[in-house]
Amino acid sequence: VFCLTLRGDLLAQTGGREEFAPLILEACRAEGPAVISVLAEWTLAEALWAALAPEPGFTPVYECKSIVYGITRVPAARSVSEGIVIREMTMADYDAWEPVDRAFCAEEGLAVMPDEERRRNGYRSRADVGGWWGAFAEALLVSTACLNAGYQGIGQVGGVYTRPAYRRLGIGQQVMHELMRHHEQRSGLQEVVLFTAERNQVAHAFYEAMGFSQRGRFGLLFRQRAEQR
């Protein structure tokens, strides 16, 4: 099973069988959009990336072997420091969110979208449906989490980040709790999955302490777009 979006994002799943990589790319090339990113099981992702590498101008910008974590219940609530307020975020919080998201991208090795309007619209598309949640110490946003997508009771969470000075205080876990509890009540969310880098042992401990378990290994691979070269 595979899908190529109009932006050139290739999503694929073959039960770990990498020999399908040439057939998938042949079909994608017939469709038109150049493949600029791959999200697939790790063995398949490696095979797809290796097949794309000989193309003229191929310039990788982000390569990550990620672990998929999942949980089928809302994790237990955690007490947090006095003065911390956890709530749903709106467009009014964009200016507070923007530097926190830049810090998250820097820590993860992700490029920040250079187009300010697209960046703002991306934030709005999730904030308008209650996707972004954050913890505030007065006006300072110190921790975030986002429900990026949901379908039939399953949601994908990303953007989980806490400022270094506020880590190990239970704040990030409580943001996750409130986000999941809200969408459980609002839309029947029953299960959450998320991705974290295989090398990020701190994140592994964070999610496992909340009750998440490993579901598999995926590749998140991005190359430079032709217009960026």
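Residues numbered from 1 in each chain as written. Predicted model: local features only at pLDDT ≥ 70, side-chain atom pairs only at ≥ 80, totals over all residues. Heavy atoms only, no water.

Draft legend 1. Main features of the overall build of the protein. Check the secondary structure of the protein and you find 6 helices and 10 strands. Taking 229 residues into account, the globule formula puts the C-alpha radius of gyration at 17 Å, and the protein, at 18 Å, falls close to it. Relative to its 229 residues, the protein shows a buried fraction of 43%. Positive and negative side-chain charges in the protein, numbering 24 and 28 respectively, have mean positions lying 2 Å apart. (Helix = DSSP H or I, 4+ residues; strand = E, 2+ residues; numbered from the N terminus. Rg over C-alpha atoms; globule rule 2.2 N^0.38 Å. Buried < 20%, exposed > 50% of the residue type's maximum accessible area, 1.4 Å probe, protein only. Lys, Arg positive; Asp, Glu negative; His and termini not counted. Charge placed at Lys NZ, Arg CZ, Asp CG, Glu CD.)

Draft legend 2. Local environment of the environment of glutamate 18. Residue placement: glutamate 18 occurs in the loop between β2 (9–12) and α1 (21–31). Counting along the chain gives 25 residues from glutamate 18 to threonine 43, while the straight-line C-alpha distance between them is 5.9 Å. If near-sequence neighbours (up to four positions away) are discounted, glutamate 18 is found in contact with Thr43, Leu44 and Ala47. (Contact = heavy atoms within 4.5 Å.)

Draft legend 3. How the structure looks around the packing of helix α5 (residues 171–187) against helix α6 (residues 201–210). Look at α5 against α6: their axes get within 11 Å of each other, and the N-to-C directions meet at 50 degrees. By the angle between their axes, α5 is oblique relative to α6. For the element pair α5 and α6, the recorded crossing hand is right-handed. Here Gly172, Gln173 and Met176 of α5 lie close against α6, whose contacting residues are Phe206, Tyr207, Ala209 and Met210. Considering only residue class, the contact of α5 with α6 consists of 5 nonpolar, 2 polar and no charged. (Axes fitted to C-alpha atoms, helices over the stretch in contact; angles between N-to-C directions. Parallel < 35°, antiparallel > 145°, perpendicular 65-115°, else oblique. Left-handed = near helix turned anticlockwise from the far one by under 90°. Nonpolar A, V, L, I, M, F, W, Y, C, P; charged D, E, K, R; others polar.)

Draft legend 4. Geometry of the sheet that holds strand β1 (residues 2–4). Taken in spatial order, the 10 strands make up an open sheet running β1-β2-β3-β10-β4-β9-β8-β7-β6-β5, and their pairing is mixed. The open sheet has two free edges, formed respectively by β1 and β5 (84–88), since each of these has just one partner strand. Sheet twist, expressed as the average angle between the axes of neighbouring strands with direction ignored, equals 20 degrees. The pairing of β5 with strand β6 (residues 132–137) spans 5 bridges and is antiparallel. Considered in β6, the bridge of isoleucine 84 is made with alanine 137. In the packing of helix α4 (residues 116–127) onto the sheet, contacts are made with β5, β6 and β7 (140–151), and the angle to β6 comes to roughly 100 degrees. (Pairing = 2+ DSSP bridges.)

Draft legend 5. Structural view of the side chain of histidine 177. Relative to the helices and strands, histidine 177 resides in helix α5. Taking relative accessible area as the criterion, histidine 177 reaches 10% and is therefore assigned buried. Setting aside residues no more than four positions away along its own chain, histidine 177 makes contact with Val74, Pro75, Ala76 and Ala77.

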